[in-house]
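Here's the letter readout for the chains.
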Amino acid sequence: MVSEMNKLIIIVASMGCLAFIMLGFSWGENLLNQEYITRFDYLILMFSGMGTILCINVLFLIDNYKGEYQSLIQSDNSWSK
């Protein structure tokens, strides 16, 4: 059973991932028509990629099954046994 807090985290991380992807692609597409690219443009694209990776990591590392299965963070300790 997925807890209410985990559902909220999943929804926010999914929306964030899509928003960062859309920001990166729309910003990059607008750069095709420009004569020169500034440092600010590179920063926007870098932070868009970092935000996407952060949201994907949150989605992979969240403990969805609360007691039935181990999350990825908890399973690190079981490999050493």
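Above: the structure in question.
What counts as what
Residues numbered from 1 in each chain as written. Predicted model: local features only at pLDDT ≥ 70, side-chain atom pairs only at ≥ 80, totals over all residues. Heavy atoms only, no water. Helix = DSSP H or I, 4+ residues; strand = E, 2+ residues; numbered from the N terminus. Buried < 20%, exposed > 50% of the residue type's maximum accessible area, 1.4 Å probe, protein only. Contact = heavy atoms within 4.5 Å. Areas by Shrake-Rupley, 256 points an atom, 1.4 Å probe, with all protein chains shown as cover. Expected span 1.5 Å × (residues − 1). Disulfide = S-S within 2.5 Å.

Details of the overall build of the protein chain
Phase 1: The secondary structure content of the protein chain amounts to 3 helices and 0 strands.
Phase 2: Counting all 81 residues of the protein chain, 20% fall into the buried class.
Phase 3: Expressed as a percentage of contacts within the protein chain between residues at least 6 apart in sequence, the contacts between residues at least 24 apart total 61%.
Phase 4: In the structure as shown, the protein chain presents an accessible area of about 6700 Å², 68% of it carried by carbon and sulfur atoms.

Looking at helix H2 (residues 39-61)
Phase 1: Taking 1.5 Å of rise per residue, 23 residues should cover 33 Å, and H2 covers 33 Å from first to last C-alpha, within 8% of that figure.
Phase 2: Within the sequence span of H2, burial applies to Asp41, Ile44, Ser48, Gly51, Thr52 and Cys55.
Phase 3: Summarising the contacts, the buried residues of H2 are in contact with helix H1 (4-31).

Details of the side chain of Thr52
Phase 1: Assignment of secondary structure puts Thr52 in helix H2.
Phase 2: Residue Thr52 is classed as buried on the basis of its relative accessible area of 11%.
Phase 3: Look past the residues within four positions of Thr52 in its chain and what remains in contact with it is Cys17, Phe20 and Ile21.

Some thoughts on the state of the cysteines
Joining two cysteines, a disulfide is a covalent bond between their sulfur atoms.
Phase 1: As enumerated under the stated definition, the model contains 0 disulfides in all.
Phase 2: Left unpaired, Cys17 is separated from the closest cysteine sulfur, that of Cys55, by 5.7 Å.

Examining the environment of Lys7
Phase 1: Inspection of the secondary structure assignment puts Lys7 in helix H1.
Phase 2: Looking at Lys7, the relative accessible area reads 38%, which means it is partly exposed.
Phase 3: C-alpha separation for the pair Lys7 and Ile62, spaced 55 residues apart in sequence, amounts to 9.9 Å.

Quick word on H1
Phase 1: With 28 residues, H1 should reach 40 Å at 1.5 Å per residue; the first-to-last C-alpha distance of 41 Å fits that figure.
Phase 2: Considered for burial, the residues of H1 that qualify are Asn6, Ala13, Gly16, Cys17, Gly24 and Leu31.
Phase 3: Looking at the buried side of H1, the elements it contacts are H2.

As far as function goes, none of this settles anything; it's purely spatial.
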